[in-house]
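Results of the structural survey
Letter by letter, the chains look like this.
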Amino acid sequence: MADLCRPGSAAARLGRRRPLTAPAVAGALVRALTDRFPELAPTLWTDEDAVEVQIEGARSVEVLRRLRDDPELHFWYLADEAAVDYGVGEHFEVVYHLYSDLHPAWLRVRARVDRSSPHLPSITELWEGAMFHEREMFDMMGIIFDGNRDLRRIYMSPDYRSFPQRKDFLLPDDAADSSAAGVNPLERPETWDLSRFSEEVAHSITPLLTLGTSAKGAGPEAGETDADGTDADKSRPR
Amino acid sequence: MTAVDPETRIPDPIELDRAEEARLHAALGVDLPPRPGEEYAGFDTVGIPDRPPQTEREAEVYTLEEGEMLVNMGPQHPSTHGVMRLVVKVRGEVVVDLDPVLGYLHRGIEKLCENATYTTVLTYVDPMDYISSMHNEHAPAIAFEKLYGIRAPKRAEYIRALVVELNRVFSHGLMMGFLALDMGGLTPILYGFINRDEMVELLASISGQRMLFNFFRVGGVNWDVNDEFISRLSTWRTNVGRSIGDNEALITENEIFTARTKGMGVLTGERAIALGVSGPNLRASGVPFDVRKAHPYSIYNELEFEVITHSAGDVYARYLQRIAEIKQSLHLIDQIIDQMPHGPVQAQVPGIIRPRPGRAYGAVESPRGLYSVYAISDGGPNPYRFRMRDPSFISLQVMPVLMPGHLIADTMAIMASLDPIMGGVDK
């Protein structure tokens, strides 16, 4: 698969080490982190207002739990959880941004995930609000969070079969790189599968009331069937 | 429609990763959805999945016991604050469980931004949370300035702070109206829209747009303040106390409103933190977390303000929290106008920006909470990764937690008190 349109691997360029230039504000946090996680010290570097540390994906729950529960670190708020794709042949990264009122810097934890088997422990046991973040990452990147009890698609429809934010999913604009040679599937009506729109919906198993108009029910051929078997179109909107 | 020869047909990029996808689904322990032409396994028209449940949670919501029923709200329900669907499981009139179904407004803005130059990204983020577009532009502007290693001039920072606080006032003002509207009170939303119209005209006089302002630039803002803006601003500042006060007088002490909102939808502070709720919703549960204080950006460390909290955590507290924050924003606006320095409003920035490889995190306090952007540069003209954390997306997770035990008529009141905007939820 074609890499990005730019020469060289993005991950290689991004992986370039930077000198550790800790501003005075983050000094206490850097010290506290090196005390508690000596094995992570080589990966530590600081930004204008963030301290960054890199871990192996499998350790994420353990490290984040210690970061949250340690009274001197006390990173109690999960600000963000996002996935980054470094391209085919490289790896995924799940990035956690944490906030603590003891330290004037965001803590960025970058967890590395193998691209060929993208599994990562779910952190919904630590912050249940990570649920939607993880569902979004599963939907967009195809990363599987073990232990998440609601890992299904959130934006795309349940029968969608691809992961749109991966770097090998190319937009139609990238004509030169795209294997579809710049043709958006949606622009080729001959490939549309319209069968499902005319399909009669099997008699509703459950009585169900719709407040407002339903998604696809606007067309008369949608064939929505009432609980008692009569055609519901005549009485719309209910 | 012309038939396509399967031999010469150009394959979709989507079709190429079938093998990998099969492996992923096998790892998940779910069957691969059939291809087009095979049996369709999506949602039917009325909302119950016409297929075996994919997850434990989905099975829990969509399995009915004796006496339970599913009610489908939306996606075009007038009170869903955009296009979303709530599948509500009810027993009689009491809600047992709830499942928000999102994605009706999904435009893939993150992906579009990753294929746009840094300057263009600031136009793409506008229609996300369309009630607070200024905040949407502020976070990427901060992140890109960190990446590029520049700072906006002082006057630009003051103008930014001024417009985002103005935007916060009108966003919170609208929320008051929507909350009352969702409980059957029609008047406040009309007053709310009168206020809002004055404010969008005010913001249009400085940015040129009423809704999607496109005002921020990397390294500054598009325009300096002009005469029309200043005259409108002074008129607005004279009248705003009264117009907001009028609206507040209609709602705050209203007996029906208080009876319906006090003690309803109580969210405790611990639960709110665990759920990732931020902004006024979190502060209404007693947690004093405000990005403007926690990680001061722009000029907020030069201004004087306090983090307001309420302790009750119910719908009424969330409403009062907004009122208090409107007043606080007006206080901030006064300070900004008083202290605004002279000088340029835009730093010297080339048309196409190529920051050094690196990562930056920019977070702002939007009217709905912590709105942040995580941008990665690989040295090219567009961001390698552009991630937005939208507060309303995360706040929606509260709905299944708060709703069980409440009446179905309260669904919309509780949802309106969380103030989600679907443009931001669906990205």
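Just above, that's the structure.
What comes next concerns the included structure.

The rules behind each value
Residues numbered from 1 in each chain as written. Chains lettered and ligands numbered in written order. Predicted model: local features only at pLDDT ≥ 70, side-chain atom pairs only at ≥ 80, totals over all residues. Core = buried A, V, L, I, M, F, W, Y, C linked by C-beta atoms within 7 Å. Buried ≥ 20, exposed ≤ 12 C-beta atoms within 10 Å, placed from the backbone. Helix = DSSP H or I, 4+ residues; strand = E, 2+ residues; numbered from the N terminus. Contact = placed C-beta atoms within 7 Å. Pairing = 2+ DSSP bridges. Axes fitted to C-alpha atoms, helices over the stretch in contact; angles between N-to-C directions.

With that settled, the discussion passes to the nonpolar core. It is characteristic of soluble globular proteins that their nonpolar side chains tend to be buried jointly. Ranked by size, the top nonpolar core spans 159 residues in total, and within it Leu98(A) and Ile143(A) carry the most contacts. Among the elements that take part in this core, helix H6 (residues 154-182) of chain B stands out by supplying 17 residues, more than any other. Apart from residues no more than four positions distant in its own chain, Leu98(A) is found in contact with Leu67(A), Phe75(A), Tyr77(A), Leu78(A), Ala79(A), Leu107(A) and Val109(A).

Moving on to the environment of Arg237(B). Among the secondary structure elements, Arg237(B) is positioned in helix H8 (residues 227-251). Each C-alpha atom of the pair Arg237(B) and Val373(B) lies 32 Å from the other, and the pair is 136 residues apart in sequence.

Moving on: the sheet that holds strand E7 (residues 369-377) of chain B. Residues and elements named next belong to chain B. What the three strands build is an open sheet, ordered E6-E7-E8; its pairing is antiparallel. Strand pairing shows two members of the sheet lacking a second neighbour, strand E6 (358-366) and strand E8 (385-389), which therefore form its edges. Along the sheet, successive strands turn relative to each other by an average axial angle of 10°, direction set aside. Summarising the sheet, E6 and E7 pair through nine bridges and their orientation is antiparallel. Residue pairing for E7: Ser-366 is matched across the bridge by Gly-369.

Attention now moves to the environment of Val84(A). If you trace the backbone, Val84(A) turns up in strand E3 (residues 77-85). Note: C-alpha distance between Val84(A) and Arg112(A) (28 residues apart in sequence) is 9.6 Å.

On to the pairing of strand E4 (residues 91-99) of chain A, then. All names here are of chain A. When you tally the buried positions in E4, you get eight out of nine residues, the bulk of the element. Pairing of E3 with E4, which is carried by eight bridges, proceeds in the antiparallel orientation. Bridging across to E4, Glu-81 finds its partner in Tyr-96. The loop that links E3 with its antiparallel partner E4 comprises five residues; one of these, Gly-87, has a positive phi angle of about 100°. With eight bridges joining them, E4 and strand E5 (residues 106-114) adopt antiparallel strand pairing. Considered in E5, the bridge of Leu-98 is made with Leu-107.

Attention now goes to unusual backbone geometry. Non-glycine residue His74(A) carries a positive phi angle of around 55°. In this structure, His74(A) sits in the loop between helix H3 (60-69) and E3. Taking the C-beta count within 10 Å as the criterion, His74(A) has 17 such neighbours and is therefore assigned partly exposed. Within the chain, Asp419(B) stands out as a residue other than glycine whose phi angle is a positive 60°. With respect to the element layout, Asp419(B) can be found in the loop between helix H16 (411-418) and helix H17 (422-426). Exposure remark for Asp419(B): the 27 C-beta atoms within 10 Å place this residue in the buried category.

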